[in-house]
Amino acid sequence: MEERTAEIRRRTSETDITLKLNLDGTGKADLDTGIPFFDHMLHGFARHGMFDLELVCRGDVEVDSHHTIEDCGIVLGEAIRQALGDKKAIRRYGSFLLPMDEALVLCAVDLSGRPYLNFDVSFRTPAMGDMATEMVREFFYAVSYGAMMNLHLKELDGINDHHVAEACFKAFAKALDQASGYEPRLNGEVWSTKGMI
């Protein structure tokens, strides 16, 4: 199979982003978004999904974390979609139930070509380090629409916001790794009765 990679550069008046993604990597991450807590979440995503991710973002963090995190989500989603190519022989669906101490988060993914986010996760504090907790949802919304994927995240248990957020990123990584993996019985076909996804 071909190596599934993407490289994207996106510049706006609010952010300047360079991203490289390898879906068939070894979990290496080189991250500098200007938001250390966000870098920590993305490192967990790369490591637990076995994705190689390089991401540099120069954003207007002096305003707040919103533009940087949202735009990184858009670019990561676009990179996922680009790296998947025609989606031939991929499993398409993936799900993972991830425990992290007291937190328990379910993630389910359908690489359907139809964007949708169902985010049923609650946070108890306004921020985690230098990242607003409300930006966790905004990030996954941006990823789901950039990647044209159906994405569900559901918190089943949790008390500590750091644990809940980290469980979201890691559960997403595991579900995406599963969904983007190959199913040899498909013999190179797309897993859809329509003939395309």
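We now turn to the structure provided with this report. Please read these numbers as outputs of a predicted model, since none were measured by experiment. (Residues numbered from 1 in each chain as written. Predicted model: local features only at pLDDT ≥ 70, side-chain atom pairs only at ≥ 80, totals over all residues. Heavy atoms only, no water.)

### Here's the deal with the overall build of the protein
- When helices and strands are counted, the protein shows four helices and ten strands.
- Its helices and strands in sequence order give the protein the pattern β-β-β-α-β-α-β-β-β-β-β-α-β-α, from N to C terminus.
- Against the compact-globule benchmark of 16 Å for 197 residues, the protein has a radius of gyration of 16 Å, which places it among compact chains.
- For the protein, the spread of C-alpha atoms along the three principal axes comes to 50 × 40 × 30 Å.
- Long-range contacts, defined here as pairs at least 24 residues apart, represent 76% of the contacts in the protein between residues at least 6 apart. (Helix = DSSP H or I, 4+ residues; strand = E, 2+ residues; numbered from the N terminus. Rg over C-alpha atoms; globule rule 2.2 N^0.38 Å. Contact = heavy atoms within 4.5 Å.)

### Some remarks on the packing of helix α2 (residues 66-84) against helix α3 (residues 134-147)
- Running from N to C, α2 and α3 cross one another at 30°; their axes reach a closest spacing of 7 Å. With respect to their mutual orientation, α2 and α3 come out roughly parallel. Crossing of α2 against α3: the hand is right-handed. Contact residues: His66, Ile69, Glu70, Cys72, Gly73, Ile74, Leu76, Gly77, Glu78, Ile80 and Arg81 in α2; Met135, Glu138, Phe139, Ala142, Val143, Tyr145, Gly146 and Ala147 in α3. (Axes fitted to C-alpha atoms, helices over the stretch in contact; angles between N-to-C directions. Parallel < 35°, antiparallel > 145°, perpendicular 65-115°, else oblique. Left-handed = near helix turned anticlockwise from the far one by under 90°.)

### Observations concerning the sheet that holds strand β7 (residues 116-120)
- Ordered in space as β5-β6-β10-β7, the four strands form an open sheet in which the pairing is mixed. Whereas interior strands pair on both sides, the edge strands pair on one side only; in this sheet they are β5 (93-100) and β7. Within this sheet the neighbouring strands show an average axis-to-axis angle of 10°, counted without direction.
- Across the sheet, helix α4 (residues 161-180) lies against β5, β6 (103-110) and β10 (150-157), angled at about 150° from β5, the strand it touches most. (Pairing = 2+ DSSP bridges.)

### Concerning the pairing of β5
- Strand direction decides the pairing type here: β5 and β6, joined by eight bridges, are antiparallel. Residue pairing in the sheet places Leu97 in a bridge with Leu106 of β6.

### Brief notes about the sheet that holds strand β3 (residues 29-32)
- Taken together, four strands build an open sheet; the order of strands is β1-β2-β4-β3 and the sheet is mixed. Strand pairing shows two members of the sheet lacking a second neighbour, β1 (5-11) and β3, which therefore form its edges. Strand-to-strand twist of the sheet, defined as the mean angle between neighbouring strand axes without regard to direction, takes the value 5°.
- Its contacts with the sheet put helix α1 (residues 36-49) on β3 and β4 (52-59), and the angle it makes with β3 is roughly 160°.

### Topic: the pairing of β4
- Note: strand β2 (residues 15-22) against β4, eight bridges, orientation antiparallel. Among the inter-strand pairings, Ile17 is bridged to a residue of β4, identified as Cys57.
- A crossover connection joins β3 to the parallel β4 through α1; in handedness this β-α-β unit is left-handed. (Right-handed = clockwise from strand over helix to strand, strands pointing away.)

### Some thoughts on the packing of aromatic side chains
- Tallied over the full model, the rule gives eight aromatic pairs.
- Where Phe140 meets Phe172, the ring centres are 5.5 Å apart and the plane angle is 80°; that geometry is what we call edge-to-face. Of this pair, Phe140 sits in helix α3 while Phe172 sits in helix α4; the two residues are 32 residues apart in sequence, bridging distant segments of the chain. Of the two residues examined, Phe140 and Phe172, each falls in the buried class. (Phe/Tyr/Trp six-rings, centres within 6.5 Å; stacked < 30°, edge-to-face > 60°. Buried < 20%, exposed > 50% of the residue type's maximum accessible area, 1.4 Å probe, protein only.)

### Things to note about unusual backbone geometry
- For Ala89, which is not glycine, the phi dihedral falls at a positive 70°.
- Within the fold, Ala89 resides in the loop between α2 and β5.
- Ala89 sits in the buried class, given a relative accessible area of 3%.
- Positive phi values are uncommon outside glycine, yet Asp101 reaches one of about 55°.

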